[in-house]
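Structural overview for review
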Amino acid sequence: RYEPTWGSLDARPLPAWFDEGKFGVFIHWGVFSVPSFGSEWFWWYWQKEKREPYVKFMDTNYPPGFSYEDFGPLFTAEFFDANQWADILKASGAKYVVLTSKHHEGFTLWGSKYSWNWNAVDVGPKRDLVAELATSVRNRTDLRFGLYHSLFEWFNPLFLEDATNAFKTRKFPTSKSLPELYEIVTKYQPEIIWSDGDGNAPDTYWNSTGFLAWLYNDSPVRDTVVTNDRWGSGSICAHGGFYTCSDRYNPGHLLPHKWENCMTIDRSSWGYRRDARLPDYLSIEDLVKQLAETVSCGGNLLMNIGPTHDGRIAVVFEERLRQVGAWLKVNGEAIYGTKPWRAQNDTLTPGVWYTFSPKEGKVNAIFLNWPVSGVLELGEPQAKLGETQVKLAGYKELLKWVALGEKGMVIALPQLTPQQLPCQWGWTLQLTDVN
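No experiment lies behind these values; they were computed from the predicted model shown. (Residues numbered from 1 in each chain as written. Predicted model: local features only at pLDDT ≥ 70, side-chain atom pairs only at ≥ 80, totals over all residues. Heavy atoms only, no water.)

To continue, consider the overall build of the protein chain. Tallying secondary structure elements over the protein chain gives 12 helices and 14 strands in all. Radius of gyration (C-alpha) of the protein chain: 23 Å, near the 22 Å computed for a compact globule of 435 residues. Dimensions along the principal axes, computed over C-alpha positions, put the protein chain at roughly 75 × 50 × 40 Å. Looking at the 435 residues of the protein chain, the share that counts as buried comes to 58%. Long-range pairs, those at least 24 residues apart, make up 70% of the contacts in the protein chain with a sequence separation of at least 6. For the protein chain, the computed accessible surface area is about 18100 Å², with 51% contributed by carbon and sulfur atoms. Charge separation in the protein chain, taken as the distance between the mean sites of 43 positive and 50 negative side-chain charges, equals 2 Å. (Helix = DSSP H or I, 4+ residues; strand = E, 2+ residues; numbered from the N terminus. Rg over C-alpha atoms; globule rule 2.2 N^0.38 Å. Buried < 20%, exposed > 50% of the residue type's maximum accessible area, 1.4 Å probe, protein only. Contact = heavy atoms within 4.5 Å. Areas by Shrake-Rupley, 256 points an atom, 1.4 Å probe, with all protein chains shown as cover. Lys, Arg positive; Asp, Glu negative; His and termini not counted. Charge placed at Lys NZ, Arg CZ, Asp CG, Glu CD.)

Encoded structure:
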């Protein structure tokens, strides 16, 4: 049994499915999807920081005295079809999904007993959105279902009172945050708890270790659940299950601890933005590059989309997810179930990232640019004459190669028309019998 101490909790082995899965989809959805302007931090930027674009947006478009709470009934989700979402998630090739059950605004996407009249069953859609997505994902896909949960709430009077008392009182976690966590685990059995927003309070204020000890010892998901590292000030990148360290964390080198790069397809927001322009969205080339870099350095990629207030996954997000899925259909062996190789990227040719498939004993070289010369030079693999074989994922015949002295090799790529290429954005060479 795990003790409610970081020493004990941090010693828990991470369930293997998480490292094998490599790729997940993050979904930021809530009342912030109604203004869908600027960022999911809309309420804070408008009311607390009084940033000019937000104040102006409200003055121009809403009547005087309109409050953030007035957006609640406008969060309608009339086009939300959980089966359709599940099908898009499946087509993306992701192995898990994480939905924002509650963001810093405090609005819960399920009918929480602890969030009276500020939840999706009492207000807005009048539906349990968490239950609907959980059911569809489990019925229609093999993805693991996970939930994001914000510990603090910007404007909750109980939290603000505790903060004023320098967190010596604990009214908010005992009456709101912790009961919600127990509620979502018991009710929906998520296999990821993606905690966030510590409000600059220590983990002792949140009783994070007490909750995690219950989660790992006695909860319905104790054997398979994974957690992140955001459980109180100072715990990020130091305690918990996998490390996130910061948003859009992509160190570019191998880390000693399992980590996740959570990032957004929209470069500047996690929630949906009606004011986004096409260049604000990462291209499929950008996303394949992120995936290759992240996995080669031992991380998982959690790629975020923001649905609309009426429950649609915008076409640009759907297209990106389906494109990643199409790429993974061809190159998935270089991603799923792999381990980092001794070199993460190539020393000779930029834009080449390595992974290792332990079962097949294959080294995978993912290259992001097809060389004009038709020849790819690799500085890292040590090839063995008459033994090493080189294949291009999605192409039948073996490729010809020559060794480059002690270390390295030159590979002749097949002469293919754009239509004949196995995929369009980034390719995988599979090397067997290399040292």
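All right, on to the UniProt feature "site: May be important for catalysis" (unreviewed entry) in the protein chain then. Taking the UniProt record as the reference, the feature "site: May be important for catalysis" (unreviewed entry) is found at Cys-262. Following the sequence through the fold, Cys-262 ends up in strand E6 (residues 259-264). (UniProt positions renumbered as here; feature names shortened; annotations may be inferred.)

UniProt tags residues 344-432 as "domain: Alpha-L-fucosidase C-terminal" (unreviewed entry). Across residues 344-432 one finds 0% helix and 37% strand; the C-alpha atoms that close the span lie 17 Å apart.

Pairing within the open sheet is antiparallel, and its 3 strands lie in the order E10-E13-E12. In this open sheet, the two edge strands, each paired with only one partner strand, are strand E10 (375-378) and strand E12 (401-403). Between one strand axis and the next, the sheet turns through 15 degrees on average, direction left out of account. (Pairing = 2+ DSSP bridges. Axes fitted to C-alpha atoms, helices over the stretch in contact; angles between N-to-C directions.)

Between its first and last C-alpha atoms helix H11 (residues 284-296) spans 18 Å; for 13 residues at 1.5 Å apiece the expected length is 18 Å, and the two agree. Burial in H11 covers these residues: Ile-284, Leu-287, Val-288, Leu-291, Ala-292, Glu-293, Thr-294, Val-295 and Ser-296. Tucked into the core, H11 has its buried residues touching strand E1 (23-27), E6, strand E7 (299-305), helix H12 (315-331), strand E8 (352-357) and strand E9 (362-367). (Expected span 1.5 Å × (residues − 1).)

Here we come to the nonpolar core. The biggest cluster of nonpolar side chains holds 125 residues, and the ones touching the most others in it are Leu-378, Ile-411 and Leu-429. Both domains that furnish three or more residues to this core are identified here as domain 1 (6-334) and domain 2 (339-432). Those residues within four positions of Ile-411 in sequence are excluded, and the remaining contacts are Gly-374, Val-375, Leu-376, Leu-378, Val-390, Leu-399, Lys-400, Trp-401, Leu-429 and Leu-431. Counting 13 residues, the second largest nonpolar core, distinct from the first, contains Phe-26, Tyr-96, Val-98 and Val-226. (Core = buried A, V, L, I, M, F, W, Y, C linked by side-chain atoms within 4.5 Å. Domains from an automatic or database assignment.)

With that settled, consider the environment of Met-263. By secondary structure assignment, the location of Met-263 is in strand E6. Overall, Met-263 belongs to the buried group, its relative accessible area being 3%. Setting aside anything within four residues of it in sequence, one finds Met-263 in contact with Arg-248, Trp-270, Leu-282, Leu-287, Gln-290, Leu-301, Leu-302, Met-303 and Asn-304.

The subject of this paragraph is the pattern of salt bridges. Inspection of every chain in the model, using the stated rule, returns 26 salt bridges. Its salt-bridge partner being Lys-22, residue Asp-19 comes within 3.1 Å of it at the nearest N-O pair. The class of Asp-19 is buried, set by a relative accessible area of 17%. The partner of Lys-102 in a salt bridge is Glu-153, with the nearest N and O atoms 2.7 Å apart. One end of the pair, Lys-102, is in strand E2 (residues 96-102); the other, Glu-153, is in the loop between strand E3 (144-150) and helix H7 (157-164), and 51 residues separate them in sequence. Under the relative-accessibility criterion, Glu-153 is labelled buried at 4%. Via salt bridges that share partners, Asp-19, Lys-22, Lys-258 and Lys-339 belong to a single interconnected network. (Salt bridge = Lys/Arg side-chain N within 4 Å of Asp/Glu carboxyl O.)

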